[in-house]
Amino acid sequence: MKQYKTVFVFMALVSVAATCYGQKEIPLYQGKVPDARAGAADEEAFNADHTAVSKVSIPTLTIYLPPENKATGTGVIICPGGGYHNLVIDREGYRMAKRMVALGVAAFVLKYRLPSDRTMINKAIGPLQDAQQAIKLVRLHAALWHVDSNKLGIMGFSAGGHLASTAGTHFSHPVIEDKQGISLRPDFMILVYPVISLTNSLGHVGSRNNLLGKNPTAEEITAFSNEQQVTPETPTAFIVQAGDDSVVKVANSIVFFEALHRYKIPAALHIYSKGGHGFLKYPPRDVWMKDLVYWMKTNGFLPQ
């Protein structure tokens, strides 16, 4: 009886979200979160104004839907960054979702679990489980949310870009239960100042340590260095970063673009001379968003 009640409540939340053109946060999973260890949730607001969160152990999806008469059919799952230590969920999540909705794109902000041995059996796959579950969940309710299942992408900032590129390169290896056989492959990736590689020469040390621990094996580093995981089936990508990024080496974006180009996968790479990490001052969001919109139009994800 308890199981049926859980399903009923979950579907009620989904239905409410479907009719709400503001936003609605729903649980990412029905019932138990996969590979979760027993223990109380201790999520914390990282900033006083709740613009970032840490210690996330209960993942959610916040749904932003454009009005039906403005919906383009395209959807995007947004993964905020934060070095796999926290989530910059307002600036790189909710605010981005509102900009996407203004373009007629359904946006889904993923509050994914942050790697922790205390809350996860295998912390290396916890965030990827959540990304794959988000893709599956949106495709399961595509008709309800007016999303074309063939126009569902994933977007990530910084370490969220690592998660997004992991989803785009590891979809053929499900780490969640997928009895319905739903495609876990995103149709496109939008990677903003992304962590791509976890190698010694390119990787962001903090992200690697948080995801894999301080002593990962060579096999683990290779598996999660996504420039080494590109195949002919990897989806197209829009990549943007600043050349003066002092946190994540700009070579991350370059090597990923080169890997995509090697397999003749259409991709766009924009490197601005100034911007640092986070684009806090330069380039203005309207500038790189203009390039993004052009790319989405030329690739059929937005109407011309």
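Residues numbered from 1 in each chain as written. Predicted model: local features only at pLDDT ≥ 70, side-chain atom pairs only at ≥ 80, totals over all residues. Heavy atoms only, no water.

Participant: In this structure, what is going on with the overall build of the protein chain? I would like to understand it.
Facilitator: If you tally the helices and strands in the protein chain, you get 8 helices and 11 strands. Computed over C-alpha atoms, the radius of gyration of the protein chain comes to 18 Å, within 12% of the 19 Å expected from 2.2 N^0.38 for 304 residues, which places it in the range of a compact globule. Based on the C-alpha atoms only, the size of the protein chain along its principal axes is roughly 55 × 50 × 40 Å. The buried share among the 304 residues of the protein chain stands at 55%. (Helix = DSSP H or I, 4+ residues; strand = E, 2+ residues; numbered from the N terminus. Rg over C-alpha atoms; globule rule 2.2 N^0.38 Å. Buried < 20%, exposed > 50% of the residue type's maximum accessible area, 1.4 Å probe, protein only.)

Participant: Can you help me understand the packing of helix 3 (residues 126-140) against helix 4 (residues 159-169) in this one?
Facilitator: Two quantities define a packed helix pair, namely the angle between the axes and the distance from one axis to the other. Viewed as axis vectors pointing N to C, helix 3 and helix 4 meet at an angle of 65°, and their least axial separation amounts to 10 Å. Read as a crossing pair, helix 3 and helix 4 show a hand that is right-handed. Contacts from P127, L128, A131 and I135 in helix 3 reach L163, T166 and A167 in helix 4. Per-class residue counts for the contact of helix 3 with helix 4 are 6 nonpolar, 1 polar and no charged. (Axes fitted to C-alpha atoms, helices over the stretch in contact; angles between N-to-C directions. Left-handed = near helix turned anticlockwise from the far one by under 90°. Contact = heavy atoms within 4.5 Å. Nonpolar A, V, L, I, M, F, W, Y, C, P; charged D, E, K, R; others polar.)

Participant: I tried to follow the confidence of the model for the protein chain on my own but got confused; where do I start?
Facilitator: The predicted coordinates ought not to be read in detail in places where the model reports low pLDDT. Overall, the prediction assigns the protein chain a mean pLDDT of 91, with 91% of residues at 70 or greater. For residues 1-20, every residue scores under 50 in pLDDT, and the model assigns this stretch 25 contacts once sequence neighbours within four places are set aside. (pLDDT = per-residue confidence, 0-100.)

Participant: Teacher, can you tell me more about the pattern of salt bridges here?
Facilitator: A side chain of one charge can pair with a side chain of the opposite charge when the charged atoms of the two come close. Going through the model one piece at a time under the given rule, you end up with 9 salt bridges. One salt bridge in this structure joins E25 and K111, with 3.5 Å as the shortest N-O distance. One end of the pair, E25, is in strand 1 (residues 24-27); the other, K111, is in strand 7 (residues 106-111), and 86 residues separate them in sequence. Overall, the relative accessible area of 39% leaves E25 in the partly exposed class. Among the salt bridges present, the one from R95 reaches D90, with a minimum N-O distance of 3.1 Å. Linked through salt bridges whose partners overlap, the residues forming this network are E25, E43 and K111. (Salt bridge = Lys/Arg side-chain N within 4 Å of Asp/Glu carboxyl O.)

Participant: Would you mind showing me how to read helix 3 here?
Facilitator: Residue pairs spaced three or four apart in an α-helix point in one direction, given the helix's 3.6 residues per turn. Helix length check: helix 3 (15 residues) gives 21 Å between terminal C-alpha atoms against 21 Å at 1.5 Å per residue, within 8%. Along helix 3, 14 of the 15 residues are buried, which leaves the element largely enclosed by surrounding structure. (Expected span 1.5 Å × (residues − 1).)

Participant: I would appreciate a short explanation of the side chain of T166 in the present structure.
Facilitator: Turning to its location among the elements, T166 is positioned in helix 4. You can call T166 buried: its relative accessible area is 2%. A distance of 2.6 Å separates the side chain of T166 from the backbone oxygen of H162, its partner in a polar contact. Once residues lying within four places of it in the same chain are set aside, the contact partners of T166 are L128, F224 and N226. (Polar contact = N/O pair within 3.5 Å; in protein donor to acceptor, adjacent residues only side chain to side chain.)

Participant: Just to check I follow, could you spell out the nonpolar core for this structure?
Facilitator: Nonpolar side chains tend to gather and get buried jointly when the protein is soluble and globular. In this structure, F108, M155, W288 and L292 are the most contacted members of the largest nonpolar core, which totals 84 residues. What W288 contacts, discounting residues up to four positions off in sequence, is M96, M155, F157, V192, F238, V240, Y272, F279 and P283. (Core = buried A, V, L, I, M, F, W, Y, C linked by side-chain atoms within 4.5 Å.)

Participant: Help me understand the sheet that holds strand 7, please; the structure alone is not making it clear to me.
Facilitator: Remark on secondary structure: sheet strands pair via backbone hydrogen bonds, oriented parallel or antiparallel. Ordered by their spatial adjacency, 8 strands build an open sheet running 1-4-7-5-8-9-10-11, and the pairing between neighbours is mixed. A strand with exactly one partner marks an edge of an open sheet, and here the two such strands are strand 1 and strand 11 (267-272). Going from strand to strand, the sheet's axes swing by 20° on average, the running direction of each strand aside. Both strand 4 (residues 60-64) and strand 7 contribute to a ladder of 5 bridges, which runs antiparallel. (Pairing = 2+ DSSP bridges.)

Participant: Explanation requested: unusual backbone geometry in the structure shown.
Facilitator: Keep in mind that most residues, glycine aside, have a negative phi and that most peptide bonds are trans. Looking along the chain, the bond that leaves Y282 and enters P283 is cis, with omega of -20°. Residue D35 is not a glycine yet carries a positive backbone phi of 60°. Here D35 lies in the loop between strand 1 and strand 2 (44-45). Phi is positive for K264, close to 60°, though the residue is something other than glycine.

Participant: How do you make sense of helix 4 when you look at a structure like this?
Facilitator: With 11 of its 11 residues buried, helix 4 lies for the most part within the structure. Every buried residue belonging to helix 4 is among A159, G160, G161, H162, L163, A164, S165, T166, A167, G168 and T169, and all of these are buried. Along its buried surface, helix 4 packs onto strand 5 (75-79), helix 3, strand 8 (152-157), strand 9 (188-192), helix 5 (205-212) and helix 7 (251-262).

Participant: Would you mind going over the sheet that holds strand 6 (residues 86-87) with me for this structure?
Facilitator: In space, the 3 strands of this open sheet follow the order 2-3-6, with antiparallel pairing throughout. Since the sheet does not close on itself, it has two edges, and those belong to strand 2 and strand 6, each with one partner. Summarising the sheet, strand 2 and strand 3 (residues 53-54) pair through 2 bridges and their orientation is antiparallel. If you follow E44 over to strand 3, its bridge partner there is S54.

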